[in-house]
Amino acid sequence: MSEWWTYRAEDFLLFSPRVYWRMFELHNATLWPLHVVTLATGLLIILLIAWRPETWARWIALILAILWIFVGWSFLWSRYATINWAAAYIAPGFFVEGALLLASSLLDGLAFDRRRPAGWIGYLILGFAIAGQPLLAPLQGRGWAASEVFGIAPDPMAIATLGVVLLARGRLLPWLLPIPVLWCLMSGMTLATMGEPQAWAPYGAVALTAMAWIWTIIRQRGSLPAA
Amino acid sequence: MVGLGTWITFNVGNDPVLRDECADVMAAFFEAGGRMIDSSPMYGSSQPVVGYGLQKLGRPPALFSAEKVWTFSATAGSAQIEQSRRFWGVPKFDLVQVHNLLAWKPHLQMLFPMKSAGAVRYVGITTSEGRRHDLLEQIMRNEPVDFVQFSYNVVDREAEARLLPLAAERGIAVIVNRPFRQGELTQRLKNKPLPEWAAELGVSSWAQLMLKFILSHPAVTVAIPATTRVDHVRENLSAAAGTMPDPATRQRIAAHVQAL
């Protein structure tokens, strides 16, 4: 692209806020009452991490894998791509995240460690994605019909995964983080360009995740015995 | 002449309510005497939404279809134009433009033979927001383009220096995009009163005054404001009728808006 420095974020926004939010209304209307199932699944994930972290790790990864692939197909590929051609190129990223979570499940690559301080931030982010994000639409006057629900819409999906990653241990964690982070940054940029205050949600989730991640690394290095 | 742009406003996806609203805008556009609708493969679902509106309106014969080719690939242009044509549901396009000068050499080399073969009536090239005017000027001098499209409005007047005089000199038709800076100007002025002397031009809104400023430039052929509202499309088209500002009044309009 020539003279790329002359372009603003607004130049890449292909749709109006009205079209964007109506897309969620139509998506919700099409999939209702699946929301009840996905929200219950989200609550179940929190409960399983809190009460049976050793037993259910691979099942949590499997549930997330299925939901990432479902959201990638049903929302990005089938719906969002009709107003934003870039979404057709982003949807495969959701399928890759699903495949990585599936690999984590099959390889038993996750273990939940709720004692770490980062874990409490993980609970906060996960709780927001499941219980807080759906409230943003009615709180901002768009009504419940436009709510973004875990397992149905991409933002709560990505934010919840950041929370789960902070609650987990395992060698695959660094592979699970980039796609939810990139989605949150892209979504935050889209919302900010539309002048939507709720851009703080995906941006805030990334900022908290980064802080908790760095905090964990510093603590781990501090607890290592001197060579 | 006032046309109809589709950037953002017609990108409504598969939303049936918003598709019908776009068709209503198109109906009002044709009823008011409008002809040129301009779109691009870059504009998301705008092309199929235009096609939906045309089908619903029974393919108005007044339509002047203006499309673009927008791909980095030198070889994918003709397939893209064919895909666009299917979206519109027209036998052929009146005008195909190279969008934002992207891969302009191979696309022009493809479009000129298409024009000779009667597959397209006119060939054009576009840019927006004042970008790459030097290259555009070079193309206007060296290539037999029929149309050129760029941004020009009451505050963005760089085109007056070279592009507009060159278009007049070479007989190239000029399409003006972003006449309201993508709504920024109408938003900025909406609470300001129109100057009293604007009544002499028969205008009742800032949008009409700004369109008259553009349309009264002798080199401008058509401006293509985009809108989602039926009342706005009627208001926009009425700007092409009635008294047009003379050069002194054009300067007055520009100075007044700049001062606000």
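- Chain A is annotated in an unreviewed UniProt entry as MFS transporter permease of Bradyrhizobium australiense.

### A closer look at the packing of aromatic side chains
Residues and elements named next belong to chain B.
- Overall, the coordinates contain 21 aromatic pairs over all chains when judged by the stated rule.
- Ring centres of F64 and F147 lie 5.9 Å apart, and the angle between their planes is 45°; this geometry places the pair in the tilted category. In this pair, F64 sits in strand β3 (residues 64-69) while F147 sits in strand β6 (residues 147-151), placing the two residues 83 residues apart along the sequence.
- Given a relative accessible area of 10%, F64 falls into the buried group.

### Topic: the packing of helix α8 (residues 206-215) of chain B against helix α10 (residues 247-259) of chain B
Residue and element names in this part refer to chain B.
- For the pair α8 and α10, interaxial distance at closest approach is 10 Å and the crossing angle is 130°. In this view, α8 runs oblique relative to α10, as classed from their interaxial angle. When you trace α8 past α10, the crossing you get is left-handed. When α8 is examined against α10, the residues W206, L209 and F213 are found in contact with a partner set consisting of R250, I253, A254, H256 and V257.
- Classifying every residue of the contact of α8 with α10 by side-chain character gives six nonpolar, one polar and one charged.

### Quick look at the interface of chain A and chain B
- Across the contact, 17 residues belong to chain A and 20 residues belong to chain B.
- Approximately 1700 Å² of surface area, both sides summed, lies buried where chain A meets chain B, with 49% of it carried by carbon and sulfur atoms.
- For the pair chain A and chain B, the number of links is two salt bridges.
- Of the charged contacts in the structure, one is a salt bridge between D15 of chain B and R22 of chain A, with a shortest N-O distance of 2.5 Å.
- The tally of links from chain A across to chain B stands at six residue pairs in polar contact (both at pLDDT 80 or more).
- In the side of chain A that touches chain B, the residues fall into eight nonpolar, four polar and five charged.

### Quick word on the sheet that holds strand β1 (residues 4-5) of chain B
All names here are of chain B.
- With parallel pairing, the eight strands of this open sheet are ordered in space as β1-β2-β3-β4-β5-β6-β7-β8. Sheet topology places β1 and β8 (222-223) at the edges, where each strand pairs with a single neighbour.
- Pairing geometry for strand β7 (residues 173-177) and β8, over two bridges, is parallel. Looking at β8, one finds that V176 is bridged to A223.

Conventions used here
Residues numbered from 1 in each chain as written. Chains lettered and ligands numbered in written order. Predicted model: local features only at pLDDT ≥ 70, side-chain atom pairs only at ≥ 80, totals over all residues. Heavy atoms only, no water. Phe/Tyr/Trp six-rings, centres within 6.5 Å; stacked < 30°, edge-to-face > 60°. Helix = DSSP H or I, 4+ residues; strand = E, 2+ residues; numbered from the N terminus. Buried < 20%, exposed > 50% of the residue type's maximum accessible area, 1.4 Å probe, protein only. Axes fitted to C-alpha atoms, helices over the stretch in contact; angles between N-to-C directions. Parallel < 35°, antiparallel > 145°, perpendicular 65-115°, else oblique. Left-handed = near helix turned anticlockwise from the far one by under 90°. Contact = heavy atoms within 4.5 Å. Nonpolar A, V, L, I, M, F, W, Y, C, P; charged D, E, K, R; others polar. Buried area = accessible area lost by both parts, 1.4 Å probe. Salt bridge = Lys/Arg side-chain N within 4 Å of Asp/Glu carboxyl O. Polar contact = N/O pair within 3.5 Å; in protein donor to acceptor, adjacent residues only side chain to side chain. Pairing = 2+ DSSP bridges.

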